[in-house]
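One-letter residues, chain by chain:
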Amino acid sequence: MSGVSLPIFAAMLAVFAAVTILLGYYGYRNTKDNSEFLLGRNKTNPLIIGLSYGATFLSASAVIGFGGQAATHGLTLMWLCFLNLFVGLFVAFLVFGPRTRRVGKRLGASTFADLLGKIYSSRGIRTFTAVLIIVMMPIYCAAVLKGGVNSVAVITGLTEYYDIILVVMAAIVGIYVVYGGIIAVMYNDALQAGIMFAGMVVILLVTFISLGGVTDAFEALSALEPSRAEGVLDGFTGWTSVAEFGSEEWMLVVTTFLMGVGLGVLTQPQLIVRFMSAKDDRMLDRSLIVGSIFMFVIVGTAYTIGPLSNVFFDQRVGQLSFEYVSGLGLGTDFIIPQYILEVFDGVLGGDFFVCLFLLSLVCASVSTISALMHTIGAAGGYDLYTIYKNRREKRSSADSTNVRINRICTAVMMVLVVVYCYVMPKDIIAKATSLFMGITAAALLPAFVHGLYAKGVPDKTAAVLSIAAGTVSYLFWALFVNSSSSVFLPVCRMLTGRAVLFDGPVQSCDALIVSLPLSAAVFLAVLAVNMYRRRPASPETSGGR
Amino acid sequence: MSFFGLTDPWIVGSYVGCILTVVLCCIVGIKVRKSDKGDGE
């Protein structure tokens, strides 16, 4: 894979890096205390919040990871675009956002772990949430970093410089997050979102033009014979129709890709902080305009051009995307990059647009990595350090105001993420995203919802038991039942000699489908029992004898 | 019935759902709430 004009891309990258560092410096100059490092409430506006939320939400994972999966599994993934918009944006901003902002401000919370801990007056819940972030988020972060670097290295043909690209990208992100805090992160997100938007609009237009228009393109996609599909499971019926209900293919697409990511977004710590950064509810409402248009264009384009790449490769080389890219020795994560390289071949200004797409990928990766690094650093340098300090000094509550600890922790975790990149299996961008979003939703969503909306004192016992049930059931299902997620840590193979415990469609069912209802059921059951026990005694039972 | 060459109602529904959600978001964003509830809630 080659065909990128290195001088053009180098020039674009140099300008991008310079502006990124400048915005990092702007963040540094405006970060005077820990509150500004963590939330930066006085430096935000609807445009910045909307774009930052969108750019953080959508990483290279959405564009190349899920775009590649859409090329393989078809337009059903447009339902993920709908869930991203409806659940991840509309519901999140209207139902969760304002309440999160108000409760967070009232309690003086600066992070998601801090917020949950203060809602339930529980050091344990705060510690658990921070540890969950520190343990699980680096996997997601490493998947995003690795995806971005892989794409850049392979598309530019600079695979022998993979290590250098990885370290340079990590270093640039590390510098501006460590010094600039959330202000640098959000302003850079907005810049990166603008570049992503421009890149994806051009790609969508060129795709439809090259395939003879919207209707012709979709008709040609419908005409492709499903039996030619590779990389799909039993039940696949074509790229323009939904798989057979309950089949292995349906289980994989609907439970892992749609539900896992679609619902998991509600408890993403790096996104919840965006709500807490807003000055008022009106700012959140206004953010919806730019946020929704941005997300629809980016995700809708990726999930539309992915399947359509099959038509393009079929017309050009007589092979479908998965087969063609596999023949080049590449995985599904490279379907979109390979398609971009070839669709712009011979197009006027094609070199520039390929470089713009490549820069968009860098932006998509960097925007998400920076937000994740900021969240991981805050979980260690703010939440865990606060708990450690309070325990050592025998105080009940006094949040850390030490920016330096946050910065050190962020830098250390950045190094850890780079190490993760070398030990993770390939082609796992989309699955690692589902894994992180799934476990946070299963463990924390019921407790988070109750914490925000409970009348009176929230039920701590219900929260603790729900978190435990969600976490344990998710880990069990992910490691012993689901064949996609068990590759991350092959405990089942080590203990039983089998990759997973059961055969059949159940091994394609995502852990979230089981663990989130279980976590919610445990929460409701404990809540009901506690309400029953606390009910006022009736005259007959209150001592009439 | 065909929607730009797409005939599966589930796939057409996904596109229509996306467009309607964007329109809803824009309406909410333009008609921003007049009163901001107190931060002390």
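The rules we used
Residues numbered from 1 in each chain as written. Chains lettered and ligands numbered in written order. Predicted model: local features only at pLDDT ≥ 70, side-chain atom pairs only at ≥ 80, totals over all residues. Heavy atoms only, no water. Helix = DSSP H or I, 4+ residues; strand = E, 2+ residues; numbered from the N terminus. Rg over C-alpha atoms; globule rule 2.2 N^0.38 Å. Buried < 20%, exposed > 50% of the residue type's maximum accessible area, 1.4 Å probe, protein only. Contact = heavy atoms within 4.5 Å. Buried area = accessible area lost by both parts, 1.4 Å probe. Salt bridge = Lys/Arg side-chain N within 4 Å of Asp/Glu carboxyl O. Polar contact = N/O pair within 3.5 Å; in protein donor to acceptor, adjacent residues only side chain to side chain. Nonpolar A, V, L, I, M, F, W, Y, C, P; charged D, E, K, R; others polar. Axes fitted to C-alpha atoms, helices over the stretch in contact; angles between N-to-C directions. Parallel < 35°, antiparallel > 145°, perpendicular 65-115°, else oblique.

Colleague: How should the overall build of chain A be read in this particular structure?
Modeller: Within chain A, the secondary structure is distributed over 20 helices and 0 strands. Taken against the 2.2 N^0.38 rule, which gives 24 Å for 545 residues, the C-alpha radius of gyration of chain A at 24 Å falls within 12% of a compact globule. If you line up chain A on its principal axes, its C-alpha atoms span 90 × 55 × 45 Å. Counting every position in chain A, which comprises 545 residues, the buried fraction comes to 61%. When contacts within chain A are restricted to residue pairs at least 6 apart in sequence, those whose partners lie at least 24 apart make up 82%.

Colleague: Explain the interface of chain B and chain A here, please?
Modeller: Each partner contributes residues to the interface: chain B has 29 residues there, and chain A has 36 residues. Buried area between chain B and chain A, summed over both chains or domains, comes out near 3000 Å², and the portion from carbon and sulfur atoms is 66%. At the surface where chain B touches chain A, the tally comes to 0 salt bridges. For the interface between chain B and chain A, the tally reads 3 residue pairs in polar contact (both at pLDDT 80 or more). Partitioned by chemical class, the residues of the side of chain B that touches chain A number 14 nonpolar, 8 polar and 7 charged.

Colleague: Would you mind showing me how to read the packing of helix 4 (residues 60–73) of chain A against helix 14 (residues 335–343) of chain A here?
Modeller: Describing two packed helices takes the angle between their axes plus the distance from one axis to the other. Residue and element names in this part refer to chain A. Close contact between helix 4 and helix 14 brings their axes to 7 Å; oriented N to C, the two are set at 85°. Here helix 14 runs roughly perpendicular to helix 4, going by the angle between their axes. The residues of helix 14 that touch helix 4, namely those facing Val63, Ile64, Gly67, Gly68, Ala71 and Thr72, are Ile335, Ile336 and Pro337. Of the residues belonging to the contact of helix 4 with helix 14, the class tally is 6 nonpolar, 3 polar and no charged.

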